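Analysis of the macromolecular model
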Amino acid sequence: MKPSSAFLCAAIAAVVAGCNSEHASEPVLWTPLASVSVDSGSGNTSAVAVPLDNLRRALRVSAQPQGCLRVSSATSVTGEELIANPAAAVGNSWRTTKLHQAGLLVLEGVAAELTHISFAAVPCDTAATGMLPTSVRVESRLSELPTNPGLKLRLVLSQAISAELDAELLAQLIGFELQLDIAITGVEVIADTDLIMQSQADFSTLAAILASLPAKAEDSLDLVIGPCLLQQTPFGRQQLAGFTPRIPGGAGPADGVFVARTNCGFAGSLPDTVNEIARLAAHEIGHYLGLAHPEELDGSKDDLASTTTQNLMHRVPLAATATGLTSEQRSRILAHPFVSEL
C-alpha cells in the first residue's frame, strides 16, 4: 500500500522536522538577473554583472533553447579570473561543470566574490550533435545561512522496496552522515522498471521518472530508491549503485538523486539494509549539494584537500570507514540554497 505523506509525517515527526504544509509550500525566491544572447560567431555571451552581497548567494542558469553551456569567464572583485582554463576540468580556482540545459552555481569559496560571469554554448556530447543554445537566462537567489540546517526530501520508492524500507530510520541515518536535519515531505511509489542510461550524459530516462511525479516544493530534493540503474558502455551495461546527474543539483531536468539496490542484477534479490541504502543515499546527496570524490578514475582530484579515501565521498562509499563530513565539506553543503532552516 502506498503510504500517504500525512501518515508518514505523523509517524516521524519526533525525529524529522518540516512536514507541515507551510514549509512544503514555501517558494524558493529566484530574482531575474539577466538574459544574454550567445554570439553566433564566438559562441560566447557578454558578461553578466553579479551584485555583491553578504548573504548566501546562488545563480540559476538556463540555456534557451535547450542545449549545453559552460562558464567561459568568471571575474572576482579584484579582477582575478576564477576560471584559469575554461575547457579544463581541473586546475581551475572555481570548479564548474558542463550545464545540461540548466544548472545551479553556488557562489561559495573563491566564487563568493564573483562580480562578472559569461558563458559559452557547447555541444552536449562528444558527437557534437544537437542544437546549440542562442541565449542564456540568469537568475539570482539570496538567503540567510541557517542556524539549524536541514534538507527536505521526497522519497520516490519502487514497489519492491516501498514495503521494506523504514523511512524514519532512513531519515535518521542520512541526517547523521550529512549532519543535517532531514524532513521527509512525501512518498511516491513507482514501478520496478530498470533505468537504463545510454551514456553517462544521457539523463532522459531519469528525467522521465521525475516528470511523471506530482509537483513538489521547489527547494526539496527527490530521492529515488529501488529500480536497477544501468549505464550502457562500450563493454556492455554497467550496474550503478547510485547516480547524481547534476553536481551541484538544483535546476533543470533529471534534478534528483538515484540509488539502486546493489544486487538488483540478480533475480529475486532482496534490497540492501537500510544502513547501506542510507549511506549510498547520503553519498549521492553529498554530490547534489556540491561534494566530489577525493579522486576520479581519470586522476583528477577534489578541490577540497580534506576529502580523503576514508570519507563518505569515497568512490565506493560502503568501503569507507569514516562517517560525517570534514569542516570544508560541511561549509560547502551549507552554501547550497536547498539547505535551509527547518
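Residues numbered from 1 in each chain as written. Predicted model: local features only at pLDDT ≥ 70, side-chain atom pairs only at ≥ 80, totals over all residues. Heavy atoms only, no water.

A separate point is the overall build of the chain. On a plain count of helices and strands, the chain comes out with 7 helices and 17 strands. The 342 residues of the chain split such that 51% are buried. Looking at the chain alone, contacts between residues at least 24 apart form 75% of all its contacts between residues at least 6 apart. Element-wise, carbon and sulfur atoms account for 54% of the exposed surface of the chain, whose accessible area totals about 15400 Å². (Helix = DSSP H or I, 4+ residues; strand = E, 2+ residues; numbered from the N terminus. Buried < 20%, exposed > 50% of the residue type's maximum accessible area, 1.4 Å probe, protein only. Contact = heavy atoms within 4.5 Å. Areas by Shrake-Rupley, 256 points an atom, 1.4 Å probe, with all protein chains shown as cover.)

Let us now look at the packing of aromatic side chains. One pass over the full model with this rule turns up 2 aromatic pairs. With 6.3 Å between their ring centres and 55 degrees between their planes, phenylalanine 203 and phenylalanine 243 make a pair best called tilted. One end of the pair, phenylalanine 203, is in the loop between strand S11 (195-197) and helix H5 (204-211); the other, phenylalanine 243, is in strand S15 (residues 242-243), with 40 residues separating them in the sequence. Residue class for phenylalanine 243 comes out buried when judged on its relative accessible area of 9%. Between tyrosine 288 and phenylalanine 338, the aromatic rings sit 6.2 Å apart at their centres with planes inclined by 40 degrees, giving tilted as the arrangement. With tyrosine 288 in helix H6 (residues 274-288) and phenylalanine 338 in the loop between helix H7 (327-334) and strand S17 (340-341), this pair connects stretches of sequence that are 50 residues apart. For the pair formed by tyrosine 288 and phenylalanine 338, the shared burial category is buried. (Phe/Tyr/Trp six-rings, centres within 6.5 Å; stacked < 30°, edge-to-face > 60°.)

Pairing is antiparallel in the open sheet, where 4 strands are placed in the order S2-S7-S4-S5. Both outer strands of the open sheet, strand S2 (48-49) and strand S5 (99-100), are each paired with one neighbouring strand and no more. Of the strand pairs in this sheet, strand S4 (residues 68-76) and S5 are connected by 2 bridges, and their pairing is antiparallel. Among the inter-strand pairings, cysteine 68 is bridged to a residue of S5, identified as histidine 100. (Pairing = 2+ DSSP bridges.)

Time to look at the state of the cysteines. Note: disulfide means a covalent bond formed between the sulfur atoms of two cysteine side chains. What the rule picks out here adds up to 1 disulfide. In this model, cysteine 68 is linked to cysteine 124 through a disulfide, with the two sulfur atoms separated by 2.0 Å. When the S-S torsion is 110 degrees, as for the bridge of cysteine 68 with cysteine 124, the disulfide is right-handed. Here cysteine 124 lies in the loop between strand S7 (114-122) and strand S8 (135-143) and cysteine 68 lies in strand S4, a separation of 56 residues in the sequence. Classification of cysteine 68 by relative accessible area gives buried; the value is 0%. (Disulfide = S-S within 2.5 Å.)

Along the chain, lysine 152 turns up in strand S9 (residues 149-158). Among the residues examined, lysine 152 registers a relative accessible area of 2% and is labelled buried. There is a polar contact of 3.2 Å between the side chain of lysine 152 and the side chain of aspartate 219. (Polar contact = N/O pair within 3.5 Å; in protein donor to acceptor, adjacent residues only side chain to side chain.)

This paragraph deals with the sheet that holds strand S1 (residues 31-37). In spatial order, the strands read S1-S8-S3-S6; together these 4 strands make up an open sheet with antiparallel pairing. Of all the strands in the sheet, the pair left with one neighbour each is S1 and strand S6 (102-106). The sheet shows a mean angle of 20 degrees between the axes of neighbouring strands, direction not considered. Across 9 bridges, strand S3 (residues 56-64) lies against S8 in antiparallel orientation. (Axes fitted to C-alpha atoms, helices over the stretch in contact; angles between N-to-C directions.)

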